[in-house]
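# Examination of the molecular architecture
Here is what each chain is made of, one letter per residue.
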Amino acid sequence: MDFEQDQIDLLNLVFSKFDKSGKGKVATRHLGQVLEEIGQTLSHSEVAEMMKEVDKDNRGYFDLPTFLSALINMTNRKQVEEAFKAVFDEFDRDGSGYISTSEFRKAMKRMGEKISKKEAEDFVRAADESGDGKVSFDEFVKTMANKM
Ligand SMILES: [Ca+2]
């Protein structure tokens, strides 16, 4: 993801608003507000995750370049995750949050790929880290990431 000039201007503007000392630093605890002002709606856990990223040494503040690179990472990650989610939903037709062996088989069939029950079981077994016999979203992402 790249930033347009007007987005950079907005970022600069918002950043300087929270940069109370005028030293190019914003308090880490204000990260959520900064994100809100630039129109990024992130969940609590995403903000917390990003706080760790912008303030790795726990100094209590971050600067604009660090913020930008963290924002790009976060946005890319979100896009990748959304793409994975769309594929996952294709498999998880009943919306249970897990792909079962039969769901996997049916999805493959819809895609024109007929696989045996055994093959579906093998896929699920390979992806199923927790051993509950079905594939969660996290397990699915890991499996797909390994194959790429
Ligand atoms: Ca399911």
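Residues numbered from 1 in each chain as written. Predicted model: local features only at pLDDT ≥ 70, side-chain atom pairs only at ≥ 80, totals over all residues. Heavy atoms only, no water.

## A few points about the overall build of the chain
Stated precisely, the cut-off is as follows: For helices the rule is a DSSP run of H or I covering at least 4 residues; for strands it is a run of E covering at least 2, with both sets numbered from the N terminus onward. Each radius of gyration is computed over the set of C-alpha atoms, and the globule rule expresses the reference value as 2.2 Å times the number of residues to the power 0.38. Any residue under 20% of the maximum accessible area for its type is buried, any over 50% is exposed, and the rest in between are partly exposed; the area is computed with a 1.4 Å probe on protein chains only. Whether two residues are in contact is decided by their heavy atoms: any pair within 4.5 Å suffices. Using a 1.4 Å probe, the Shrake-Rupley method yields the accessible areas, and only the shown protein chains count as cover for residues.
In terms of regular secondary structure, the chain is built from 7 helices and 4 strands. Helices (α) and strands (β) of the chain occur, in sequence order from the N terminus, as α-β-α-α-β-α-β-α-α-β-α. The C-alpha atoms of the chain give 21 Å as radius of gyration, which overshoots the globular expectation for 148 residues (15 Å, by more than 25%). Viewed in the frame of its principal axes, the chain has a C-alpha envelope of about 65 × 30 × 25 Å. Residues counted as buried form 34% of the 148 residues belonging to the chain. Excluding contacts between residues fewer than 6 apart, the proportion of contacts in the chain whose partners are at least 24 apart in sequence is 48%. Split by element, the accessible area of the chain, about 9,600 Å² in all, is 50% carbon and sulfur.

## Quick word on the coordination of the calcium ion
Rule in force here: Listed donor atoms are N, O and S within 2.8 Å of the metal (Na, K and Ca: 3.2 Å). As water is not included, a site may look incomplete.
Distances from the calcium ion to its protein donors, Asp92 (OD), Asp94 (OD), Ser96 (OG), Tyr98 (O), Glu103 (OE) and Glu103 (OE), fall within 2.3 to 2.6 Å. Of note, the calcium ion draws all its donor residues from one chain, in the sequence arrangement D-x1-D-x1-S-x1-Y-x4-E.

## Here's the deal with the packing of helix H3 (residues 44–54) against helix H4 (residues 64–91)
Selection criterion: To get an axis, a line is fitted to the C-alpha atoms, and for a helix only the part in contact is used. The angle between two axes follows their N-to-C directions and goes from 0 to 180 degrees. Angular relationships are summarised with four words: roughly parallel below 35 degrees, roughly antiparallel beyond 145, roughly perpendicular across 65 to 115, and oblique for the angles in between. Should the near helix be turned anticlockwise from the far one by less than a right angle, the crossing is termed left-handed; should it be turned clockwise, right-handed.
Where H3 meets H4, the axes come as close as 9 Å, and the angle between the chain directions of the two elements is 140 degrees. Considering their axes alone, H3 and H4 lie oblique with respect to each other. Of the two elements, H3 crosses H4, and the hand of that crossing is right-handed. Mapping the contact onto sequence places Glu46, Glu49, Met50, Glu53 and Val54 in H3 and Thr66, Phe67, Ala70, Leu71, Asn73, Met74, Arg77 and Lys78 in H4.

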